[in-house]
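One letter stands for each residue in the lines below.
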Amino acid sequence: MTKMCEQISFEDLAQQFGTPLYVYSQNELSTAFSRYQQTFSALKPLICYAVKANSNLSILRHFAQLGSGFDTVSGGEIARVLAAGGAADKIIYSGVGKSVAEIEYALTVGIKCFNVESLPELDRINEVAQRLNKVAPISLRINPDVDAKTHPYISTGLKANKFGIAMSDAERAFVYAHSLPALKVIGIDCHIGSQLIDLSPLIEACERLLILVDKLAQQNIVLQHIDLGGGVGIVYHEEQTPDLHFYADELTKLLQQRSLNLIIEPGRSLVGQAGTLLTRVEYVKQGEEKNFVIVDAAMNDLIRPTLYEAYHHIENTVFRQPEILVDVVGPICETGDFLAQNRMLAAEQGDLLLVHGAGAYAASMASNYNSRCRAAEILVNGKEVKLIREREKIDDLFANERALL
Ligand code: LLP
């Protein structure tokens, strides 16, 4: 059976635009967004899509049109949101290393809130705001020290992580922030990790933050919102589907009697399933111990398997038998350049393979390593196809370099 993205066959897309190619289904993006809106309808949260998951301008514009806000982590991401038509007053700015220039920029465009991660950052934002004659809306990112039970590289809410302010320092930090003249303390936030399958640590984190919210209220520091970050996982392989209803229902119980607004920052769960990476088989090679399917996509197009031992389902658009044990590898000169290891697959030269779950942290983490051009991106809506990022050309690779010696 022909493999399709909405009403277009993947093979047609590959022939028209070449491979490797990221293909996104607009319908799946919309479905994922409205699932959040419906499931959380009792709390009417501000959904701030985490731009880092996929920062293509058309994807940002699509979410902006659906009413989304945005979680950003750099001046570059803020600029992307604005270029895509997103509203500045729905932008949250997170991250541990905000520079003076980035803070100036965020204040000038008028973002909704800075998620502040340390005391020195409070001082810096206060200084910049004073200089610009502005008041900076801020939230403090608290590290609730809960175990998100995910891969250590994407777990962010433990004491050992660089993110946020320790729970034990939190009250003092809020009092200090409150005392600074050019800051307006409006919220509290956390983000405990990514690709969470069991969502109960998110509830636990919320409970811990609420204890703090109440303590602060006693000191006349009354917050407007609580932001629980992102983290909801998706099914890549055999994981259970994370129970969004459980998350929403438990949060509703905790928050419905309060006047706190809820903000959430989902990334992966809004875009991950909507994307597929198309790659063509270049060679099939029998090694001494292993069989290799060598494809034209590589770790520079999808680094998740290399970096996190992540599993992405790979499907051949051509039906073949019998399947054998293979590694699916790219052309890059690194042993770590694989899309899959020890996978049952039947493939021959010229076959088009689909790498699923490539909507999140794929194109946005792509690089030019080995002087490979970054792949094109396509958005499909029914029968309609839009080229939303052109394939890089060889000239683009060194356009900013000079051969001076
Ligand atoms: N908010 C903050 C402050 C974050 O740091 C992140 C992700 C998110 C929201 C969105 O989290 P999500 O809903 O996507 O789980 N490159 C890794 C994931 C890194 C996540 C970093 N922070 C991967 O490919 O799995």
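Residues numbered from 1 in each chain as written. Predicted model: local features only at pLDDT ≥ 70, side-chain atom pairs only at ≥ 80, totals over all residues. Heavy atoms only, no water.

What follows concerns helix α7 (residues 167–179). With 13 residues, α7 should cover 18 Å at 1.5 Å per step; its first-to-last C-alpha distance of 19 Å lies within 8% of that length. Of the positions making up α7, those classed as buried are Ala170, Ala173, Phe174 and Ala177. Of the surrounding elements, those touching the buried residues of α7 are α6 (119–131), β8 (136–143), β9 (165–166), β10 (183–189) and α8 (200–218). (Helix = DSSP H or I, 4+ residues; strand = E, 2+ residues; numbered from the N terminus. Expected span 1.5 Å × (residues − 1). Buried < 20%, exposed > 50% of the residue type's maximum accessible area, 1.4 Å probe, protein only. Contact = heavy atoms within 4.5 Å.)

Attention now goes to the site of the ligand. Around the ligand there are 18 residues in total, and Ser194, Glu265, Arg304, Tyr308 and Tyr361 lie nearest to it. A distance of 2.4 Å separates an oxygen atom of the ligand from a polar side-chain atom of Ser194. In this structure, Tyr308 approaches the ligand through a side-chain N or O atom, which is 2.7 Å from a nitrogen atom. Alone, the ligand offers 580 Å² of accessible surface; in the complex the protein occludes 92% of this. The cavity that encloses the ligand is the largest pocket. Residue assignment places the shell around the ligand across two domains, with domain 1 (4–22 + 272–391) and domain 2 (94–266) each supplying three or more. (Near = heavy atom within 4 Å. Polar contact = N/O pair within 3.5 Å; in protein donor to acceptor, adjacent residues only side chain to side chain. Areas by Shrake-Rupley, 256 points an atom, 1.4 Å probe, with all protein chains shown as cover. 1 Å grid on protein atoms, 1.4 Å probe; cavity = no way out; pocket = protein on both sides within 12 Å on 5 of 7 lines; lining within 4 Å. Sits in = over half its atoms within 2 Å of the grid points. Domains from an automatic or database assignment.)

Two elements in contact, helix α2 (residues 26–39) and helix α9 (residues 244–255), have axes separated by 10 Å at closest approach and are oriented at 35 degrees. When you trace α2 past α9, the crossing you get is right-handed. When α2 is examined against α9, the residues Arg35, Tyr36 and Thr39 are found in contact with a partner set consisting of Leu244, His245 and Ala248. Looking at side-chain class alone, the contact of α2 with α9 contains 3 nonpolar, 2 polar and 1 charged residues. (Axes fitted to C-alpha atoms, helices over the stretch in contact; angles between N-to-C directions. Left-handed = near helix turned anticlockwise from the far one by under 90°. Nonpolar A, V, L, I, M, F, W, Y, C, P; charged D, E, K, R; others polar.)

Time to look at the domain arrangement of the protein. Here the domain parsing of the protein yields domain 1 (4–22 + 272–391) and domain 2 (94–266). Summarising the inter-unit geometry, the C-alpha centres of domain 1 and domain 2 are found 35 Å apart. Facing the 11 residues of domain 1 at the interface are 8 residues of domain 2. Buried surface at the junction of domain 1 and domain 2, both sides included, amounts to about 820 Å², of which 59% is carbon and sulfur. Three residues, Gln273, Tyr308 and Tyr311, lead the burial of domain 1 against domain 2; their summed loss comes to 56% of the area buried on that side. Where domain 1 packs against domain 2, one counts 0 salt bridges. Seen at the junction of domain 1 and domain 2, the total is 0 residue pairs in polar contact (both at pLDDT 80 or more). For the side of domain 1 that touches domain 2, the residue count by class is 4 nonpolar, 5 polar and 2 charged. (Buried area = accessible area lost by both parts, 1.4 Å probe. Salt bridge = Lys/Arg side-chain N within 4 Å of Asp/Glu carboxyl O.)

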